[in-house]
Amino acid sequence: MECSSPLCGDVGAAHEVFTEGYHQLWFEDADVETIEEIASAFFKHLVSAREAFSMERMGLCIRRHRRTHLSSLEKNPTDTLTDSLMRHFLYYPTEAEKASAGLAECCDPLAQLPALEAMGREDWQAFLSHWFLDRPCAVVVGRPSAKLVQQNADNEAARAEEQKEALGATKLAALGAALDAAVAANGKPIPEDFLTRVPIPSKGEVRVASVMHALGDACPIAALASPRQAVSLSPRRLECSYAPPPCLSLRQVRAIPLVSVRGGGETPFTVVAGSGAGIDASLTSKLVGLLPRPGDSSPLPFWLHASQVESAFLTIGVALDTSNVPELLRPYLPMLLELWWKASATLEDGTRLSKDAFVAALEDDTVSYSASLGIRGSVSQLISATVKLELEPSAPDATLAKGLDWIRRALHLTRYSAANVKMTAKKLLSALPGTLRDGNAMKSHVHASLTLDGARANAVADSPMVQQPFLQTLLARLETPDGASHVLHMLHSLRKHLVAPQRMQFLLAGRLTSLSQPYEALVAAVTPPATLPVHASEETAGE
């Protein structure tokens, strides 16, 4: 949730369970001038939220929690389960607690959802009062102190002077000579035999770690096992048994069966080299058969990378080439990506979605969504946007259509308002001090600025050295009607430049063979409408 006068740049929730459990809220990138207002403002809004508690919003949160947890179990099962296993092993010491919160309950939070769904509005209001408003609370405020910085510097200078006097001139000279000698010795070239004396084995001599999985065929909880022994779990200890329990079978760990095909333009869809291991050949043929072939005079309008993988989810993505973005528009890329899924929209049937309604509907339909420079941190000259949805087994085409609707809205139907851009600029600006304090991040930004073409490189345009003055100038422009029109024109021009067919490539991943005409559905969804919907000229700050 964003507002026009934020007290901080980001809010994060966390919790810990030791001998006692406690909740935490972290308010980051706050202005020193208003930092003391945060705690009182939080509790004021929490009381208001309790009084106006939204069951619709809570239903959305519960549904989304279920989808995201199932996605985590599929994508990162070990990471998802390890914390729960360790928490139960370490922090549930009594028999009563184990009876009320057994290992299965700790590892399966979805079992709690029916009880949450059965709670009414008054139950939730009482819950908020009992666990948050009526509990002891500690507020820790951390603020930078110029006085303390100077004091630390003065203390260090005094310490050095005191040590200098204690050592005396003779001892200092001896220590200086020893240091100079050590530096000289350290600077000698490394003897070549140090680099060559260790033999490098051939690839065939490198041993592969022998790993086995114990997979539960009848037990609710599976264990991990080495080739020679299985591990059984108990609430109090880990025990090794010499043979796996009857309900476990040992199987060699395999790569995830996946086959990818790629094509577009005048290039027919073909299987990507190196993919297809573990996939039935008939599935590969079916996937290729679902996708059209380019005609002699009618190339395919969009490039598509399609991956068939056995998954309960469907991922749809688009990558956009920024190589030819004009220099004046490139600094707007981080702003555009921040607004990508946070803008009002007027749909083609005339339905108007405010920014908050847009985000709420998006969260209710998806498992996750993203917009970022690069693809998973690489190839920063591309920008990418993805949505991930739970695949409805009885209606896979409807799931695809729902996901493509969101891609279409972000590509063509959202519009940016001065109020929304102003909030976003303030948020981006408030996050920059943290980046400037991050040594590793700044090292990368400075390296990019020194080695890349600043007019063409996204890594340079995204650096705090560029973004800080750019965002400050942008906020000043937004204070006048002409300036605000200029900023909005630049953002919409940038998006229009990017969504040209020759600059877009698409991704589909999931059980694609359950779809009927995925490529045709994609083309219909991402082709620009003949006439764009008319948007309201004025939007409130809440939108």
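As a reminder, the structure under discussion sits directly above these lines.
Below: a short report on this structure. (Residues numbered from 1 in each chain as written. Predicted model: local features only at pLDDT ≥ 70, side-chain atom pairs only at ≥ 80, totals over all residues. Heavy atoms only, no water.)

Time to look at the side chain of Arg67. With respect to the secondary-structure elements, Arg67 resides in helix α2 (residues 55-75). Despite its burial, Arg67 remains without a salt bridge, the nearest opposite charge being carried by Asp364 at 4.5 Å. What Arg67 contacts, discounting residues up to four positions off in sequence, is Phe313, Glu363, Asp364, Asp365, Thr366, Val367 and Glu390. (Helix = DSSP H or I, 4+ residues; strand = E, 2+ residues; numbered from the N terminus. Buried < 20%, exposed > 50% of the residue type's maximum accessible area, 1.4 Å probe, protein only. Lys, Arg positive; Asp, Glu negative; His and termini not counted. Salt bridge = Lys/Arg side-chain N within 4 Å of Asp/Glu carboxyl O. Contact = heavy atoms within 4.5 Å.)

Summed over the entire model, instances satisfying the criterion amount to ten aromatic pairs. With centroids separated by 5.7 Å and ring planes inclined at 75 degrees, the aromatic side chains of Phe269 and Tyr519 adopt a geometry described as edge-to-face. One end of the pair, Phe269, is in strand β9 (residues 267-271); the other, Tyr519, is in helix α19 (residues 518-526), and 250 residues separate them in sequence. Ring geometry for Tyr332 versus Phe470: centroids 4.8 Å apart, planes at 85 degrees, classification edge-to-face. Pair noted here: Tyr332 is in the loop between β11 (313-321) and α11 (333-339) and Phe470 is in helix α17 (residues 464-477), with a separation of 138 residues, a long-range link. You'll find Tyr332 and Phe470 in the same group, each marked buried. Members of the aromatic cluster, joined through ring pairs, are Phe53, Trp124, Phe127 and Phe132. Over the face of the ring belonging to Phe313 we find Lys388, whose NZ or CZ atom lies 5.2 Å from the ring centre. (Phe/Tyr/Trp six-rings, centres within 6.5 Å; stacked < 30°, edge-to-face > 60°. Lys NZ or Arg CZ within 6 Å of the ring centre and 35° of its normal.)

This next bit is on the pattern of salt bridges. It is possible for side chains of opposite charge to pair when their charged atoms get near one another. Across all of its chains, the model carries eleven salt bridges by this definition. As a salt-bridge pair, Glu390 and Arg66 come within 2.9 Å of each other at their nearest N and O atoms. Of this pair, Glu390 sits in strand β15 (residues 378-390) while Arg66 sits in helix α2, placing them 324 residues apart in sequence. On the basis of relative accessibility, which here comes to 34%, the residue Arg66 falls in the partly exposed class. A salt bridge links Arg408 to Glu348, with the nearest nitrogen and oxygen atoms 2.9 Å apart. Placement of Arg408 in helix α13 (residues 396-413) and of Glu348 in the loop between β12 (344-346) and β13 (352-353) is noted, with a sequence separation of 60 residues between them. The exposure class of Arg408 is buried, given its relative accessible area of 11%. Linked through salt bridges whose partners overlap, the residues forming this network are Glu338, Lys342 and Lys427.

Moving on: helix α10 (residues 281-290). Among the residues of α10, Thr284, Leu287 and Leu290 are the ones counted as buried. All buried residues of α10 project into a common sector of 125 degrees when viewed along the axis, lining one side. In this structure, α10 carries Ala281, Ser285 and Gly289 as exposed residues pointing more than 90 degrees from its buried face. (Arc of directions from axis to C-beta.)

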